[in-house]
Amino acid sequence: MADDRFHVYDTTLRDGAQQEGLNLTVADKIAVARHLDGLGVGFIEGGWPGANPKDTEFFRQARTELDLKHAQLAAFGATRRAGVKAADDPLVAALRESAAPVVTLVAKSHDRHVELALRTTLQENLAMIRDTVSHLRAEGQRVFLDAEHFFDGYTSNPAYALEVIRTAAEAGADVIALCDTNGGMLPDELAEIVHDAVQTSARVGIHCHDDTGCAVANTLAAVKAGATHVQGCANGYGERSGNANLFTVVANLQLKRGFDLVPREALADMTRIAHAITEVTNVTPNSHAPYVGMSAFAHKAGLHASAIKVDPNLYQHIDPAAVGNDMRMLVSDMAGRASVELKGRELGYELTPDTTKTLVERVKELESQGFTFEAADASFELLLRDTLHGSRRRHFEVESWRVIVERTKGGELVSEATVKLHAKGERIVATGEGNGPVNALDKAVRLGLEQLYPELAKLELVDYKVRILEGTHGTDAITRVLITSSDETSEWATVGVAENIIDASWQALEQAVTYGLLRAGREAS
Ligand SMILES: [Zn+2]
């Protein structure tokens, strides 16, 4: 069980699930909870049982299916309704019946919200907090309180906002989490208010939204002002601009402030966990996310490359391995010899000064034609190998290819491709059908080569991106195609550039297959 002196409290399954376009089934929630437990968070808020049938079901299934190693589950819910006993309120009953060890009650702490939204008196709101907290405590659950709109409430009526904290703490709430529900705060003013709240001697937590782009900064400022419980969401999920990104918060506190929040091995697995969660949520990972993004330690070196070669730590704020990420060198036309050399080393090749010089010239020439190697490591590696060998080496030669697109009588679009190839002394003619011309070409190539190279059966085209590049100096616009392929264990990207989109796609496809064969241990001749 995690140390109770400082809480890492995740609310992905409740507040994070409010994100536009994010929909989690019960099975998804269980899967996300397992990942969060693997990271070592202390608390996982599962949802609002009673108010949402899916959440009631989550808590029911969690009892038998979720074997948490670090985290405790928290059920989220509101204080009792005005004018009824806590014991008689069916929503409070659902919180008891969730059997979650922790209940997080949301309560109003802004006087105007009490009067306008809750339509009750300030005194009755305090009674609702007192009764619900003490009732659930008496029933054996630990209680935290989310003080909703706390910062705006404090600005409107500080005495009342503080009275909410005192009332909850005296009734037995262990933590009062101060919520910047509208997300409009900035770190300095927020810290002053947290400082005042801590003077009540209640244990204070922090829950921030990112509407000012300061959710993580606000969370850190609150911790500095005395908060010992931080709330946030995986990958910063949440409605509007999102919640505080819990991964960033944890990495900052642990690596920069010396807090011991999650096991070191778990932190070193954070990049994988962040990506595994995106697989469940089906939200495209943010490649620029701090610490865990694909680009978080990617250097477009240029001027810096030679220094990075000497000491990478001069150019990165932490060792990427601490969070399970990697430094990556990007090869671009801004790059010189040093970054090409570094990239080569990253890929496992030692380059002589002569080879490096030739390779840099080829990269520059191709980039002037519209190629980009930043996002196409596999194409760069093929280019590097060709340069090393002094000639183009491939597993197959292309005689010709052809693709037709037909709109049938029934209105269906069908694409059919024919490729003529030479490999291992054989001439191969193969056709493939697909839902589009590139898909048909992909099928034809693989069908043609599969008898000679059975490992191609595992190869899959996973992403296809097209970009039209403006023509320069009176030339026509050209098309750049980036293809991402995978073989179950890894992914690689290749690039093609041509005036014709199918031609550009073909180039990227041919390299994708070649690279797949190299990965499978097939040397070209
Ligand atoms: Zn919230």
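Residues numbered from 1 in each chain as written. Predicted model: local features only at pLDDT ≥ 70, side-chain atom pairs only at ≥ 80, totals over all residues. Heavy atoms only, no water.

## A few points about the overall build of the chain
Part 1 of the reasoning: When helices and strands are tallied, the chain shows 18 helices and 16 strands.
Part 2 of the reasoning: Principal axes of the C-alpha set define a box for the chain whose edges measure 85 × 60 × 45 Å.
Part 3 of the reasoning: Within the chain, buried positions represent 53% of all 525 residues.
Part 4 of the reasoning: Partitioning the intrachain contacts of the chain with sequence separation of at least 6 by distance along the chain shows that 66% fall at a separation of at least 24.
Part 5 of the reasoning: Of the roughly 23900 Å² of accessible surface on the chain, 48% is carried by carbon and sulfur atoms.
Part 6 of the reasoning: If the 53 positive side-chain charges of the chain are averaged to one point and the 74 negative ones to another, these points end up 2 Å apart. (Helix = DSSP H or I, 4+ residues; strand = E, 2+ residues; numbered from the N terminus. Buried < 20%, exposed > 50% of the residue type's maximum accessible area, 1.4 Å probe, protein only. Contact = heavy atoms within 4.5 Å. Areas by Shrake-Rupley, 256 points an atom, 1.4 Å probe, with all protein chains shown as cover. Lys, Arg positive; Asp, Glu negative; His and termini not counted. Charge placed at Lys NZ, Arg CZ, Asp CG, Glu CD.)

## Observations regarding the domain arrangement of the chain
Part 1 of the reasoning: Examined at the domain level, the chain breaks down into domain 1 (7–281), domain 2 (298–384) and domain 3 (396–520).
Part 2 of the reasoning: Its C-alpha centre places domain 1 at a distance of 50 Å from the equivalent point of domain 3. (Domains from an automatic or database assignment.)

## Looking at the coordination of the zinc ion
Part 1 of the reasoning: With distances of 2.0 to 2.1 Å, the protein atoms coordinating the zinc ion are D15 (OD), H207 (NE2) and H209 (NE2).
Part 2 of the reasoning: In terms of primary sequence, the donors binding the zinc ion are separated according to D-x191-H-x1-H. Remark: H209 occurs in the loop between β7 (204–208) and α9 (215–224) and D15 occurs in the loop between β1 (7–10) and α1 (26–39); sequence separation between them is 194 residues.
Part 3 of the reasoning: Assessed through its relative accessible area of 5%, D15 is described here as buried. (Donors = N, O, S within 2.8 Å, 3.2 Å for Na, K, Ca; no water.)

## Describing the packing of aromatic side chains
Part 1 of the reasoning: Evaluated as defined, the whole model comprises twelve aromatic pairs.
Part 2 of the reasoning: Measuring from centroid to centroid gives 4.9 Å for F6 and F259, while their planes differ by 65°, and the two rings are edge-to-face. Here F6, found in the segment before β1, pairs with F259, found in the loop between α10 (246–256) and α11 (264–267); they are 253 residues apart in sequence, far enough to count as distant.
Part 3 of the reasoning: Assessed through its relative accessible area of 26%, F259 is described here as partly exposed.
Part 4 of the reasoning: An angle of 80° between the planes, with centres 5.2 Å apart, marks the rings of F43 and F144 as edge-to-face. Of this pair, F43 sits in strand β2 (residues 43–47) while F144 sits in strand β5 (residues 142–148), and the two are 101 residues apart along the sequence. Neither residue differs from the other here; F43 and F144 are each classed as buried.
Part 5 of the reasoning: It is R14 that lies over the ring of F76; its NZ or CZ is 3.6 Å from the centre. (Phe/Tyr/Trp six-rings, centres within 6.5 Å; stacked < 30°, edge-to-face > 60°. Lys NZ or Arg CZ within 6 Å of the ring centre and 35° of its normal.)

## Some thoughts on the pattern of salt bridges
Part 1 of the reasoning: Taken as a whole, this structure holds 28 salt bridges when the rule is applied.
Part 2 of the reasoning: Across the salt bridge formed by D89 and R81, the nearest N and O atoms sit 3.7 Å from each other.
Part 3 of the reasoning: Among the salt bridges present, the one from D377 reaches K343, with a minimum N-O distance of 3.1 Å. Of the two residues, D377 is situated in helix α16 (residues 377–389) and K343 in helix α14 (residues 337–346); the sequence distance between them amounts to 34 residues.
Part 4 of the reasoning: Given the relative accessible area of 25%, D377 is considered partly exposed.
Part 5 of the reasoning: Judged by relative accessible area, which is 1%, K343 ranks as buried.
Part 6 of the reasoning: Here the salt bridges share partners, and the residues they tie into one network are D4, R137, R142, D174 and R203. (Salt bridge = Lys/Arg side-chain N within 4 Å of Asp/Glu carboxyl O.)

## Here we look at unusual backbone geometry
One can expect most non-glycine residues to show negative phi and most peptide bonds to be in trans.
Part 1 of the reasoning: A positive phi angle, close to 50°, is found at H149, a residue other than glycine.
Part 2 of the reasoning: Tracing the sequence through the fold places H149 in the loop between β5 and α6 (150–156).
Part 3 of the reasoning: The class of H149 is buried, set by a relative accessible area of 8%.
Part 4 of the reasoning: Even without being glycine, S201 reaches a positive phi, approximately 70°.
Part 5 of the reasoning: One can find S201 in the loop between α8 (187–198) and β7.

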